[in-house]
Amino acid sequence: MQGLSESSLPALIDLFKRLSEAHVHLKGFCYGDDTDLRLWSVRHEAEYPMLFVEMPDESFSGRNVQSVYEFGFAVLYRVGQLDAGSVFASRALSEAYAVAQEIIHDILARLRDMYRDGALGFDITDAKLQPVSTSKTADRAIGFRAGIRLEYQAGLCLDKAKWADLD
């Protein structure tokens, strides 16, 4: 799999889309905010398990201008229309969470491996996993979310051709 040599938002989204296509258990992909996820699940026939990537927040820090993306991605899984009180519903929920958590671990391991191989220009400096039960999709998917922090050299350089003199 080709890596990420630039830190642009389209490149980051493309990386996660390619990860979703390369994983044998993932069938769908969506990115954006909560509204995008809801609209996507209403307008499309959602395929699960699905990888949902949140739009990142970007910040800058340090003298060497480190740029930091903070965002999350979730593996969402649809349990189906089971009676909430049945033993089968409880078992299906447990299995759905386990599958989603395993796929999250797979993605984090793949990103770490790509970083070690030099295919990524950033490392995952923090990752926090948590189960999610969401009403953000039309079919109330559940799953696991990883909140991550990616750091890279921002490479901010002034392009004087874009500026008039500040008198």
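Residues numbered from 1 in each chain as written. Predicted model: local features only at pLDDT ≥ 70, side-chain atom pairs only at ≥ 80, totals over all residues. Heavy atoms only, no water.

Moving on to the overall build of the chain. In terms of helices and strands, the chain carries three helices and six strands. Ordered by position in the sequence, the α and β elements of the chain form the string α-β-α-β-β-β-α-β-β. Contacts in the chain between residues far apart in sequence, at least 24 positions, make up 59% of those at least 6 positions apart. (Helix = DSSP H or I, 4+ residues; strand = E, 2+ residues; numbered from the N terminus. Contact = heavy atoms within 4.5 Å.)

Next up on the list: the confidence of the model for the chain. In this model, the chain carries a mean pLDDT of 76, and residues with pLDDT of at least 70 account for 71%. Predicted confidence for residues 1-6 stays below pLDDT 50, and this span has 20 contacts to residues more than four positions away or in other chains. (pLDDT = per-residue confidence, 0-100.)

With that settled, the discussion passes to the environment of glycine 143. Tracing the backbone shows glycine 143 in strand 6 (residues 142-153). On a C-alpha basis, the gap between glycine 143 and glutamine 130 in space is 8.7 Å, while along the polypeptide they are 13 residues apart. Sequence-distant contacts of glycine 143, that is, excluding residues within four places in its chain, are made with Val75, Leu76, Tyr97, Ala100, Gln130, Pro131 and Val132.

With that settled, the discussion passes to the environment of phenylalanine 52. Position of phenylalanine 52 among the secondary structure elements: in strand 2 (residues 50-54). Considering only alpha carbons, one finds phenylalanine 52 and leucine 76, 24 residues apart in sequence, at a separation of 7.2 Å.

Under the defined criterion, the tally for this structure stands at three aromatic pairs. Counting every residue linked through ring pairs, the aromatic cluster contains Phe16, Phe71 and Phe73. (Phe/Tyr/Trp six-rings, centres within 6.5 Å; stacked < 30°, edge-to-face > 60°.)

Across all of its chains, the model carries four salt bridges by this definition. When the shortest N-O distance is used, the salt bridge between arginine 18 and aspartate 14 registers 2.9 Å. Taken together, the residues span about one helical turn, with arginine 18 and aspartate 14 both in helix 1 (residues 9-22) at a distance of four residues. Relative accessible area serves as the criterion here: at 18%, arginine 18 is assigned to the buried category. Here aspartate 14 falls in the partly exposed class, since its relative accessible area comes to 36%. Its salt-bridge partner being glutamate 54, residue arginine 145 comes within 2.8 Å of it at the nearest N-O pair. Here glutamate 54 lies in strand 2 and arginine 145 lies in strand 6, a separation of 91 residues in the sequence. On the basis of relative accessible area, glutamate 54 is assigned to the partly exposed category, the value being 23%. (Salt bridge = Lys/Arg side-chain N within 4 Å of Asp/Glu carboxyl O. Buried < 20%, exposed > 50% of the residue type's maximum accessible area, 1.4 Å probe, protein only.)

Most of strand 1 (residues 28-32) sits inside the fold, with four of its five residues counted as buried. As judged from the five bridges shared by strand 1 and strand 2, these two strands associate in the parallel manner. Its bridge partner being in strand 2, phenylalanine 29 is matched across the sheet by leucine 51. (Pairing = 2+ DSSP bridges.)

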